[in-house]
Amino acid sequence: MAVKGMNLCNVCCLLLYFTTAVLAGRDFYKILGVSKSASVRDIKKAYRKLALQLHPDRNQDDPQAQDKFADLGAAYEVLSDEEKRKQYDAYGEDGLKEGHHGSHNDIFSSFFGDFGFMFGGNRQQQDKNIPRGNDIVLDLEVTLEEVYSGNFVEVVRNKPIAKEAPGKRKCNCRQEMRTTQLGPGRFQMTQEVVCDECPNIKLVNEERTLEVEIEQGVRDEMEYPFIGEGEPHIDGEPGDLRFRIKVLKHPVFERRGDDLYTNVTISLVEALIGFEMEITHLDGHKVHIVRDKITKPGARLWKKGEGLPNFDNINIRGSLIITFDVEFPQTQLDDQQKDGIQNILKQGSVQKVYNGLQGY
């Protein structure tokens, strides 16, 4: 009886396990490879990376590619939405309210454009006979803080979409040569325009939200392409939309490559006896500076690893280069104070004239 009781208990435990697994549904955090405390930015970054890796066009030999891509879209749709994420965290996938689920194609195109990156080729390799709409290049202003830490920027634009309209129109017009017989042994060749007849089309503006990732270390003038998001062409394909990065000037830091430059003004007393201070960096962390020796005007201090992350390898960072300016006191010294300073410093006159621009 004891053995039968144990077997029954094991069966019940297994049933409970499988029932819980079914009710729990898919593990969206595991699908995206993020922790349950991940921020929306982390979720967007993970989705953007995995969407390129798991796109079915790039994995045509994998029979499960479509399912994996669909799971990825479902995970992003839920975890990027605050209300849906709360319901999912509390009750699992089955606890989500029934309603409209966005198309994964819509999610993918919000990051990459209508045609993704056209895996296996690019726009230049497409049929040149297919007419294309004009490309659009827009300047996207980003802060130095965004260059340092990265960010996602939502851009809302009204995109003209071609919709069918009543009636017919001429399309695919081309020049053709026509030969006409004028008489025995006499022919005339003329060039004329020949067109096909196509359904009529009207352009309707639709609001689109695009997600532009500002990658860490992004450089000025770099472009982020969104394929097929440019001007439409009623007889062909739309052009591309490209966001061109414009890094805004910063009041504290100047960028030179991956290095950051800043100036610190100290008093004459601090320049002589030393000082200790902190500089607030672009992400809010403090850079500690200690000087226990004389600091000359124009002296520079290098802080390695405190610059910007390298765009090609964010594990490599530039330097923070600090130039010190010395502020002299505004008050005039009396004779006693002058004698006191001379006695303390014990420095004679140094009046050297030289060509400073030549480095001598």
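Residues numbered from 1 in each chain as written. Predicted model: local features only at pLDDT ≥ 70, side-chain atom pairs only at ≥ 80, totals over all residues. Heavy atoms only, no water.

## Things to note about the packing of helix 3 (residues 40-54) against helix 4 (residues 65-79)
Helix 4 packs onto helix 3 with a crossing angle of 165° between their chain directions and a minimal axis gap of 10 Å. One way to sum up the angle between helix 3 and helix 4 is to call them roughly antiparallel. Here helix 3 runs over helix 4; the crossing is left-handed. For the pair helix 3 and helix 4, contact is made by Ile 43, Lys 44, Tyr 47, Leu 50, Ala 51 and Leu 54 and by Ala 65, Phe 69, Leu 72, Gly 73, Tyr 76 and Leu 79, respectively. Across the contact of helix 3 with helix 4, the residue classes tally to 10 nonpolar, one polar and one charged. (Axes fitted to C-alpha atoms, helices over the stretch in contact; angles between N-to-C directions. Helix = DSSP H or I, 4+ residues; strand = E, 2+ residues; numbered from the N terminus. Parallel < 35°, antiparallel > 145°, perpendicular 65-115°, else oblique. Left-handed = near helix turned anticlockwise from the far one by under 90°. Contact = heavy atoms within 4.5 Å. Nonpolar A, V, L, I, M, F, W, Y, C, P; charged D, E, K, R; others polar.)

## A short note on the packing of helix 4 against helix 5 (residues 82-91)
Pairs of packed helices are described in terms of their axes, by the angle between the two and the distance that separates them. Viewed as axis vectors pointing N to C, helix 4 and helix 5 meet at an angle of 105°, and their least axial separation amounts to 6 Å. Overall, the two elements helix 4 and helix 5 adopt an arrangement that is roughly perpendicular. Taken together, the residues of helix 5 that come into contact with helix 4 (itself represented by Glu 77, Val 78 and Leu 79) are Lys 84, Arg 85 and Tyr 88. Its residues assigned to classes, the contact of helix 4 with helix 5 comprises three nonpolar, no polar and three charged.

## As for the sheet that holds strand 10 (residues 300-309)
Taken in spatial order, the four strands make up an open sheet running 6-7-11-10, and their pairing is mixed. Among the strands making up the open sheet, the edge pair consists of strand 6 (254-256) and strand 10. Each strand axis lies, on average, 35° off the axis of its neighbour in the sheet, ignoring direction. (Pairing = 2+ DSSP bridges.)

## Brief notes about the pairing of strand 9 (residues 286-291)
Where burial is concerned, the two faces of strand 9 differ: the one with Val 287, Ile 289 and Arg 291 is buried and the one with Lys 286, His 288 and Val 290 is not. Taken together, the six bridges between strand 8 (residues 275-280) and strand 9 define a ladder with antiparallel strand orientation. The residue bridging Phe 275 from the neighbouring strand is Arg 291, located in strand 9. In this structure, the hairpin formed by strand 8 and strand 9 is closed by a connection of five residues, where Gly 284 is found at a positive phi of approximately 95°. (Buried < 20%, exposed > 50% of the residue type's maximum accessible area, 1.4 Å probe, protein only.)

## Section: the pattern of salt bridges
Two side chains with opposite charge may pair up if their charged atoms get near one another. Under the defined criterion, the tally for this structure stands at 18 salt bridges. Its salt-bridge partner being Asp 135, residue Arg 132 comes within 3.0 Å of it at the nearest N-O pair. Overall, Arg 132 belongs to the partly exposed group, its relative accessible area being 31%. Note on Asp 135: relative accessible area 36%, which makes it partly exposed. The partner of Asp 312 in a salt bridge is Arg 219, and the shortest N-O contact between them spans 3.3 Å. Placement of the pair is Asp 312 in the loop between strand 10 and strand 11 (317-327) and Arg 219 in the loop between strand 3 (186-214) and strand 4 (223-226), with a sequence separation of 93 residues. One connected set of salt bridges, linked through shared partners, spans Arg 132, Asp 135, Glu 223, Asp 240 and Arg 242. (Salt bridge = Lys/Arg side-chain N within 4 Å of Asp/Glu carboxyl O.)

## Some words on the nonpolar core
Counting residues in hydrophobic clusters, the biggest one holds 33 residues, and the most contacted among them are Leu 140, Val 212, Ile 214 and Phe 243. Broken down by element, the residue count for this core peaks at four residues, all from strand 11. When neighbours within four sequence positions are excluded, Val 212 is seen to be in contact with Leu 140, Asn 151, Phe 152, Val 153, Val 155, Tyr 224, Phe 226 and Phe 243. Of all hydrophobic cores here, the second largest spans 19 residues; its members include Phe 69, Leu 72, Leu 79 and Leu 96. (Core = buried A, V, L, I, M, F, W, Y, C linked by side-chain atoms within 4.5 Å.)

## Describing the sheet that holds strand 1 (residues 136-142)
A sheet is described by the order of its strands in space; here three strands give the open sequence 1-5-4, paired in mixed fashion. Since the sheet does not close on itself, it has two edges, and those belong to strand 1 and strand 4, each with one partner. When strand polarity is set aside, the average angle formed by the axes of neighbouring strands in this sheet is 25°. Sheet topology note: the strand 1/strand 5 (residues 241-247) ladder contains seven bridges and is parallel. Counted as the bridge partner of Ile 136 is Leu 241 from strand 5.

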